[in-house]
Amino acid sequence: MDALREQITTTRAVVAINDRDVAEFKTEQRAQRQLLMALRETQIEQDRKFETKISGLDAKIGALEAEMRNGFATVLTAVQAIADRLPDGPGDQADRALRPPSL
(Lines give C-alpha, C1' and ligand atoms only; values in the text may rest on other atoms or scores of the structure.)
Protein backbone atom coordinates (compact mmCIF):
# COMPACT_ATOMS: atom_id res chain seq x y z
CA MET A 1 0.00 0.00 0.00
CA ASP A 2 2.89 2.37 0.71
CA ALA A 3 4.23 1.79 -2.81
CA LEU A 4 0.84 2.70 -4.25
CA ARG A 5 0.66 5.92 -2.19
CA GLU A 6 4.19 6.80 -3.27
CA GLN A 7 3.28 6.19 -6.90
CA ILE A 8 0.15 8.34 -6.53
CA THR A 9 2.20 11.11 -4.91
CA THR A 10 4.78 10.91 -7.70
CA THR A 11 2.05 10.91 -10.35
CA ARG A 12 0.41 13.95 -8.77
CA ALA A 13 3.78 15.75 -8.72
CA VAL A 14 4.38 14.94 -12.40
CA VAL A 15 0.87 16.07 -13.29
CA ALA A 16 1.42 19.33 -11.37
CA ILE A 17 4.72 19.94 -13.16
CA ASN A 18 3.11 19.21 -16.54
CA ASP A 19 0.19 21.49 -15.69
CA ARG A 20 2.60 24.30 -14.81
CA ASP A 21 4.59 23.69 -18.02
CA VAL A 22 1.45 23.83 -20.13
CA ALA A 23 0.37 27.03 -18.37
CA GLU A 24 3.78 28.61 -19.03
CA PHE A 25 3.63 27.50 -22.67
CA LYS A 26 0.15 29.02 -23.08
CA THR A 27 1.36 32.25 -21.47
CA GLU A 28 4.33 32.43 -23.82
CA GLN A 29 2.14 31.61 -26.80
CA ARG A 30 -0.32 34.35 -25.82
CA ALA A 31 2.55 36.84 -25.47
CA GLN A 32 3.90 35.88 -28.90
CA ARG A 33 0.44 36.25 -30.44
CA GLN A 34 0.11 39.72 -28.90
CA LEU A 35 3.54 40.66 -30.23
CA LEU A 36 2.65 39.50 -33.73
CA MET A 37 -0.61 41.45 -33.63
CA ALA A 38 1.25 44.57 -32.51
CA LEU A 39 3.77 44.12 -35.33
CA ARG A 40 0.90 43.70 -37.79
CA GLU A 41 -0.71 46.93 -36.63
CA THR A 42 2.65 48.73 -36.89
CA GLN A 43 3.15 47.47 -40.44
CA ILE A 44 -0.35 48.55 -41.46
CA GLU A 45 0.26 52.03 -40.01
CA GLN A 46 3.66 52.31 -41.70
CA ASP A 47 2.15 51.18 -45.01
CA ARG A 48 -0.48 53.92 -44.78
CA LYS A 49 2.20 56.54 -44.08
CA PHE A 50 4.33 55.20 -46.94
CA GLU A 51 1.41 55.35 -49.39
CA THR A 52 0.68 58.93 -48.32
CA LYS A 53 4.30 59.94 -48.88
CA ILE A 54 4.40 58.19 -52.25
CA SER A 55 1.27 60.04 -53.37
CA GLY A 56 2.85 63.33 -52.33
CA LEU A 57 6.04 62.48 -54.22
CA ASP A 58 4.05 61.59 -57.33
CA ALA A 59 2.41 65.01 -57.25
CA LYS A 60 5.76 66.77 -56.76
CA ILE A 61 7.33 64.82 -59.62
CA GLY A 62 4.42 65.75 -61.88
CA ALA A 63 4.86 69.42 -61.02
CA LEU A 64 8.61 69.22 -61.60
CA GLU A 65 8.07 67.56 -64.98
CA ALA A 66 5.71 70.34 -66.04
CA GLU A 67 8.14 72.99 -64.84
CA MET A 68 11.00 71.26 -66.67
CA ARG A 69 9.01 71.05 -69.92
CA ASN A 70 8.13 74.76 -69.67
CA GLY A 71 11.78 75.58 -69.06
CA PHE A 72 12.86 73.52 -72.07
CA ALA A 73 10.25 75.26 -74.22
CA THR A 74 11.57 78.65 -73.09
CA VAL A 75 15.14 77.63 -73.86
CA LEU A 76 14.09 76.29 -77.27
CA THR A 77 12.34 79.56 -78.09
CA ALA A 78 15.44 81.52 -77.08
CA VAL A 79 17.74 79.27 -79.11
CA GLN A 80 15.47 79.64 -82.13
CA ALA A 81 15.51 83.40 -81.74
CA ILE A 82 19.31 83.36 -81.60
CA ALA A 83 19.46 81.05 -84.62
CA ASP A 84 17.17 83.40 -86.56
CA ARG A 85 19.64 86.26 -85.99
CA LEU A 86 22.64 84.29 -87.24
CA PRO A 87 23.65 84.86 -90.85
CA ASP A 88 23.10 82.00 -93.27
CA GLY A 89 26.00 83.03 -95.49
CA PRO A 90 28.43 85.87 -96.18
CA GLY A 91 25.86 88.08 -97.98
CA ASP A 92 23.07 87.67 -95.40
CA GLN A 93 24.85 89.55 -92.63
CA ALA A 94 24.02 92.97 -94.07
CA ASP A 95 20.42 92.00 -94.80
CA ARG A 96 19.83 90.69 -91.29
CA ALA A 97 21.35 93.79 -89.68
CA LEU A 98 18.63 95.88 -91.33
CA ARG A 99 15.73 93.63 -90.25
CA PRO A 100 14.13 94.09 -86.80
CA PRO A 101 14.55 91.15 -84.43
CA SER A 102 11.61 88.78 -84.25
CA LEU A 103 10.84 87.61 -80.72
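Use the structure listed above.
For every chain, the first residue of its written sequence is number 1, and the numbers climb from 1 along that sequence. Totals for whole chains, interfaces and linings use every residue, but because this is a predicted model, local features are given only for residues with pLDDT of at least 70 and side-chain atom pairs only at 80 or more, for both listing and counting. To obtain the side-chain values, all non-hydrogen atoms of the structure were used and water was disregarded.

**Some words on the overall build of the protein chain**
Then comes step 1: Counting from the N terminus, the helices are the DSSP runs of H or I reaching at least four residues and the strands are the DSSP runs of E reaching at least two. On a plain count of helices and strands, the protein chain comes out with 2 helices and 0 strands.
Then comes step 2: The rule is simple: take the accessible area with a 1.4 Å probe, protein chains only, and divide by the maximum for that residue type; under 20% is buried, over 50% is exposed, in between is partly exposed. Expressed as a percentage of its 103 residues, the buried residues of the protein chain come to 1%.
Then comes step 3: Working definition of accessibility: Shrake-Rupley area with a 1.4 Å probe, residue cover restricted to the visible protein chains. When the accessible area of the protein chain is evaluated, it comes to approximately 9,600 Å², of which 60% is carbon and sulfur surface.

**Some points on a nonpolar patch on the surface**
Then comes step 1: Like charges are joined within 9 Å and nonpolar side chains (Val, Leu, Ile, Met, Phe, Trp, Tyr) within 5 Å, but only among residues with over 30% relative accessible area and no salt bridge; these make up the patches. Think of a salt bridge as a Lys or Arg side-chain nitrogen and an Asp or Glu carboxyl oxygen that are within 4 Å of each other. The grouping of Met1, Leu4 and Ile8 at the surface amounts to a nonpolar patch, some 330 Å² of accessible area in total.
Then comes step 2: Looking at Ile8, the relative accessible area reads 39%, which means it is partly exposed.

**Focus on a negative patch on the surface**
Then comes step 1: Together, Asp19, Asp21, Glu24 and Glu28 make up a region of like negative charge exposed at the surface.
Then comes step 2: Relative to the assigned elements, Glu24 resides in helix α1 (residues 2–85).
Then comes step 3: When its relative accessible area of 44% is taken as the criterion, Glu24 is described as partly exposed. Neither His nor the chain ends contribute to the count of charged residues, in which Lys and Arg are positive and Asp and Glu negative. The location of each charge is read from NZ of Lys, CZ of Arg, CG of Asp or CD of Glu.

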